Amino acid sequence: MRVLVVEDEPYMAEALQAGLRQEAIAADIALDGDQALERVAVNDYDAVVLDRDIPGVHGDEVCAVLVRDHPGTRILMLTAAGRLRDKVDGFSLGADDYLTKPFALEELVVRLRALARRPTTAVDPVLRVGDLRLDPYRREAHRGARPLRLPRKQFAVLELLMRADGAVVTAETLLEKVWDEHADPFTSAPRVAVSHLRKALGAPDPVVTVPGVGYRLVDPGRER
């Protein structure tokens, strides 16, 4: 593996570099966000150990650039913040893993090697279809600049339709994925939820009904 360690404390950065090299992991150092972007632009890293709070370009922006321009590079977010909100934000930005300081070098090595075993196809954490945008980590949805205030079931239905990437989602699938095992198989709940979702989304309607089959989500600005 070749890893970039982005850490603004020189002593910590050098200690991590030395420890990783002892584990046969090649490691470079960047002490701020600007150096990090310079290095990822010219080197092909398997993973980036990224401190979120760094000088220069913020760690969140570095993460966003990595997700956009280097989809094969894994991101392990490293931070002193242990709050759940910080972890959620990190994953929402596209981080693959999260480690809170202080930590053991052994755990960092194990996590890096686990990341290296994952498929390298990156998935944008935020779902997009036309002017619809849904962030499952923050549980936020927007249509254009307008935030959508969706109840849980409608949010889940929208997420399922967006993940289907234009394919038809049957009412049975909606019932199976959004409701629980106690749901009446003859209930009209999915149909009602889709109806309310349509009203919340507004015009033009991006939800297409496929008679006798189910629903699919389209970009109204393109051919339906």
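Described in the following lines is the structure provided in the data block. (Residues numbered from 1 in each chain as written. Predicted model: local features only at pLDDT ≥ 70, side-chain atom pairs only at ≥ 80, totals over all residues. Heavy atoms only, no water.)

Time to look at unusual backbone geometry. With an omega of -10°, the peptide bond running from Lys-101 to Pro-102 counts as cis. In this structure, Pro-102 sits in the loop between strand 5 (97-100) and helix 5 (105-116). Backbone torsion omega between Ala-203 and Pro-204 reads -5°, so that peptide bond is classified as cis. Looking at the secondary structure, you find Pro-204 in the loop between helix 8 (189-201) and strand 11 (207-210). With a phi close to 55°, Asp-165 is a non-glycine residue in the positive phi region. You can see Asp-165 is positioned in the loop between helix 6 (152-163) and strand 10 (169-170). (Helix = DSSP H or I, 4+ residues; strand = E, 2+ residues; numbered from the N terminus.)

Another point: the packing of helix 2 (residues 33-42) against helix 3 (residues 59-69). Two elements in contact, helix 2 and helix 3, have axes separated by 9 Å at closest approach and are oriented at 15°. By the angle class used here, helix 2 and helix 3 are roughly parallel. Considering the relative orientation of helix 2 and helix 3, their crossing is right-handed. Of helix 3, the residues touching helix 2 (which contributes Gly-33, Ala-36, Leu-37 and Val-40) are Val-62, Val-65 and Leu-66. Counted by class, the contact of helix 2 with helix 3 contains six nonpolar, one polar and no charged residues. (Axes fitted to C-alpha atoms, helices over the stretch in contact; angles between N-to-C directions. Parallel < 35°, antiparallel > 145°, perpendicular 65-115°, else oblique. Left-handed = near helix turned anticlockwise from the far one by under 90°. Contact = heavy atoms within 4.5 Å. Nonpolar A, V, L, I, M, F, W, Y, C, P; charged D, E, K, R; others polar.)

Pairing within the open sheet is parallel, and its five strands lie in the order 2-1-3-4-5. Because the sheet does not close on itself, it has two edges, and the strands there are strand 2 (26-30) and strand 5. Neighbouring strand axes in the sheet, compared pairwise and without regard to direction, differ in orientation by 20° on average. Here four bridges tie strand 4 (residues 74-79) to strand 5, and the two strands are oriented parallel to one another. Bridge pairing in strand 5 links Thr-79 to Thr-100. On the sheet, helix 1 (residues 10-22) packs against strand 1 (2-6), strand 2 and strand 4 and is oriented at approximately 170° with respect to strand 2. Seen against the sheet, helix 5 touches strand 1, strand 3 (47-51), strand 4 and strand 5 and runs at an angle of roughly 175° to strand 5. (Pairing = 2+ DSSP bridges.)

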